[in-house]
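What follows is the residue order along each chain.
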Amino acid sequence: MTSGDDSKPLLRSDVTVELVKSSASDSDVLFAARVSTAGEQSLDELSKDPERSKGLINYLMRDRHGSPFEHNSMTFFISAPIFVFREFMRHRVGWSYNEESGRYRELQPVFYVPGESRKLVQQGRPGKYVFVEGTPAQHATVHDVLTESYEQAYAAYQKLLAEGVAREVARAALPVGLYSSMYATCNARSLMHFLGLRTQHELAKVPSFPQREIEMVGEKMEAEWAELMPLTHAAFNANGRVAP
Ligand SMILES: Cc1cc2nc3c(=O)[nH]c(=O)nc-3n(C[C@H](O)[C@H](O)[C@H](O)COP(=O)(O)OP(=O)(O)OC[C@H]3O[C@@H](n4cnc5c(N)ncnc54)[C@H](O)[C@@H]3O)c2cc1C
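Residues numbered from 1 in each chain as written. Predicted model: local features only at pLDDT ≥ 70, side-chain atom pairs only at ≥ 80, totals over all residues. Heavy atoms only, no water.

## A look at the site of the ligand
Alright, step 1. Neighbouring the ligand are Arg 90, His 91, Arg 92, Val 93, His 193, Leu 197, Arg 198 and Phe 209.
Alright, step 2. In the environment of the ligand, an oxygen atom lies 2.7 Å from a nitrogen or oxygen atom belonging to the side chain of Arg 90.
Alright, step 3. In this structure, an oxygen atom belonging to the ligand sits 2.7 Å away from a side-chain N or O atom of His 193.
Alright, step 4. When the ligand sits alone it has 940 Å² of accessible area, and the protein chains cover 44% of it.
Alright, step 5. Among the residues forming the shell around the ligand, the class breakdown is three nonpolar, two polar and three charged. (Near = heavy atom within 4 Å. Polar contact = N/O pair within 3.5 Å; in protein donor to acceptor, adjacent residues only side chain to side chain. Areas by Shrake-Rupley, 256 points an atom, 1.4 Å probe, with all protein chains shown as cover. Nonpolar A, V, L, I, M, F, W, Y, C, P; charged D, E, K, R; others polar.)

Quick look at the structure:
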């Protein structure tokens with residue numbers, strides 16, 4: 001949605017995740033695990049005995065032998081609101097991040113508004129709550145109030161830039177609903193830990209209650225990973241979605 005005027009906010013309700021680079025397969029897990037008992041391994045371990053390989057991956061997951069799941073790499077390009085990245089970067093172990101700079105480039109007016117399916121209302125007390133649908137009136141108010149606030153904030157940012165104020169100072173006027181982008185690189189073990197905390201799933205042994213917007217990112221990363229490492233992904237689900 002845009003007016004065609006460059007200073008008017010472009011409103012988005014989605015997040016995007018692109019797998020830009022990867023070296024990740026189920027064979028990487030087997031390759032690393034079998035060195036324990038058999039020394040140097042071939043890179044195509046999976047084809048040797050597929051049923052035994054599947055069993056080994058499941059055993060490693062079940063008994064939480066985690067390190068064989070680290071010998072792989074996936075780099076994602078993620079576009080999401082800043083409040084999602086603020087939560088994302090709490091994941092410190094097995095992750096590398098590079099985010100676009102608000103110091104070196106002018107930030108574009110792209111902002112988040114919840115989509116129609118986003119549950120708006122929290123009911124219950126801290127630690128024990130659920131989210132329920134908002135009314136059409138609440139959705140309309142959220143849309144209108146956020147849009148107005150974004151327009152004001154971006155106009156303030158532009159005013160400061162026009163006065164010659166540095167981008168790194170002017171950006172203080174912008175809210176956390178602004179979109180940013182980053183590369184995030186992880187391995188299967190660190191991704192599983194992330195997914196265990198940032199997605200809700202019927203197979204999860206330990207339930208989590210993530211904010212929906214970071215969960216949307218997690219779901220897209222999981223779909224990419226599941227294609228690269230289907231046996232590892234299946235074993236993660238079969239063992240309660242707890243990272244080994
Ligand atoms: C639903 C939800 C709500 C949350 N709410 C809040 C909140 O209100 N406020 C807030 O500040 N955060 C909040 N968080 C963030 C949370 O506390 C974690 O920072 C975040 O989930 C990252 O988890 P992690 O530390 O396990 O991951 P990583 O940083 O990737 O660490 C992975 C693992 O390494 C080990 N590890 C890493 N660092 C250390 C260390 N310094 N010492 C010992 N062991 C270490 C731990 O075993 C850890 O589980 C929330 C997270 C979730 C999922």
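Moving on from the model shown.
## A word on the sheet that holds strand β2 (residues 16-23)
Adjacent strands of a sheet form backbone hydrogen bonds with each other and so pair up, either parallel or antiparallel.
Alright, step 1. With respect to topology, four strands assemble into an open sheet ordered β2-β3-β8-β4, the strand pairing being antiparallel. Whereas interior strands pair on both sides, the edge strands pair on one side only; in this sheet they are β2 and β4 (95-99). Strand-to-strand, the axes of this sheet are offset by a mean angle of 20°, without reference to chain direction.
Alright, step 2. Across seven bridges, the pairing between β2 and strand β3 (residues 73-81) is antiparallel. Across the sheet, the residue bridging to Ser 22 is Met 74, located in β3.
Alright, step 3. The sheet strands contacting helix α6 (residues 188-198) are β3, β4 and β8 (179-186), and the helix crosses β4 at an angle near 80°. (Pairing = 2+ DSSP bridges. Helix = DSSP H or I, 4+ residues; strand = E, 2+ residues; numbered from the N terminus. Axes fitted to C-alpha atoms, helices over the stretch in contact; angles between N-to-C directions. Contact = heavy atoms within 4.5 Å.)

## Concerning the UniProt feature "active site" (unreviewed entry) in the protein chain
Alright, step 1. Within this numbering scheme, the UniProt entry marks Arg 198 as carrying the feature "active site" (unreviewed entry).
Alright, step 2. Under the relative-accessibility criterion, Arg 198 is labelled buried at 17%.
Alright, step 3. In contact with Arg 198, other than residues within four places in its own chain, are Glu 87, Arg 90, His 91, Pro 210, Ile 214 and Glu 215.
Alright, step 4. Within the structure, the side chain of Arg 198 is placed 3.4 Å from the backbone oxygen of Glu 87, a separation counted as a polar contact. (UniProt positions renumbered as here; feature names shortened; annotations may be inferred. Buried < 20%, exposed > 50% of the residue type's maximum accessible area, 1.4 Å probe, protein only.)

## Some thoughts on the pattern of salt bridges
Alright, step 1. Considering all chains together, one arrives at ten salt bridges under this definition.
Alright, step 2. The partner of Arg 103 in a salt bridge is Glu 168, and the shortest N-O contact between them spans 2.6 Å. Taken together, the residues span a long stretch of sequence, with Arg 103 in the loop between β4 and β5 (110-112) and Glu 168 in helix α5 (residues 167-170) at a distance of 65 residues.
Alright, step 3. Across the pair Glu 219 and Arg 212 runs a salt bridge, and its minimum N-O distance is 3.0 Å. (Salt bridge = Lys/Arg side-chain N within 4 Å of Asp/Glu carboxyl O.)

## Concerning the packing of aromatic side chains
The description of an aromatic ring pair uses the distance of the two centres, along with the angle that the planes make with each other.
Alright, step 1. Taken as a whole and assessed by the stated rule, the structure comprises twelve aromatic pairs.
Alright, step 2. Centroid distance Phe 111 to Tyr 154: 6.3 Å. Interplanar angle 80°. Geometry classified as edge-to-face. In this pair, Phe 111 is assigned in strand β5 and Tyr 154 in helix α4 (residues 136-162), connecting sequence segments 43 residues apart.
Alright, step 3. Note on Tyr 154 and Tyr 157: the rings are 5.5 Å apart at their centroids and 50° apart in plane angle, and the pair reads as tilted. Of this pair, Tyr 154 and Tyr 157 both sit in helix α4, separated by three residues, roughly a single helical turn. As far as the burial class goes, Tyr 154 and Tyr 157 line up, both buried.
Alright, step 4. In this structure an aromatic cluster arises from ring pairing among Phe 88, Trp 95, Tyr 97 and Phe 194.
Alright, step 5. Positioned over the ring face of Phe 131 is Arg 118, at 5.8 Å from the centre of the ring. (Phe/Tyr/Trp six-rings, centres within 6.5 Å; stacked < 30°, edge-to-face > 60°. Lys NZ or Arg CZ within 6 Å of the ring centre and 35° of its normal.)

## Section: the packing of α6 against helix α7 (residues 212-228)
Alright, step 1. The N-to-C vectors of α6 and α7 enclose an angle of 140°; their axes lie 10 Å apart at closest approach. When the axis of α6 is compared with that of α7, the two are oblique. For the element pair α6 and α7, the recorded crossing hand is left-handed. Here Ala 188, Leu 191, Met 192, Phe 194, Leu 195 and Arg 198 of α6 come into contact with α7, specifically with Ile 214, Glu 215, Gly 218, Met 221, Glu 222 and Trp 225. (Parallel < 35°, antiparallel > 145°, perpendicular 65-115°, else oblique. Left-handed = near helix turned anticlockwise from the far one by under 90°.)

## Notes on α6
Each turn of an α-helix holds 3.6 residues, which means side chains three or four residues apart point in the same direction.
Alright, step 1. Within α6, eight of the eleven residues are buried, which leaves the element mostly enclosed by the surrounding structure.
Alright, step 2. The set of residues buried in α6 consists of Ala 188, Ser 190, Leu 191, Met 192, Phe 194, Leu 195, Gly 196 and Arg 198.
Alright, step 3. Capping of α6 at its N-terminal end is provided by Asn 187; its side-chain oxygen lies 3.0 Å from the backbone amide nitrogen of Arg 189.

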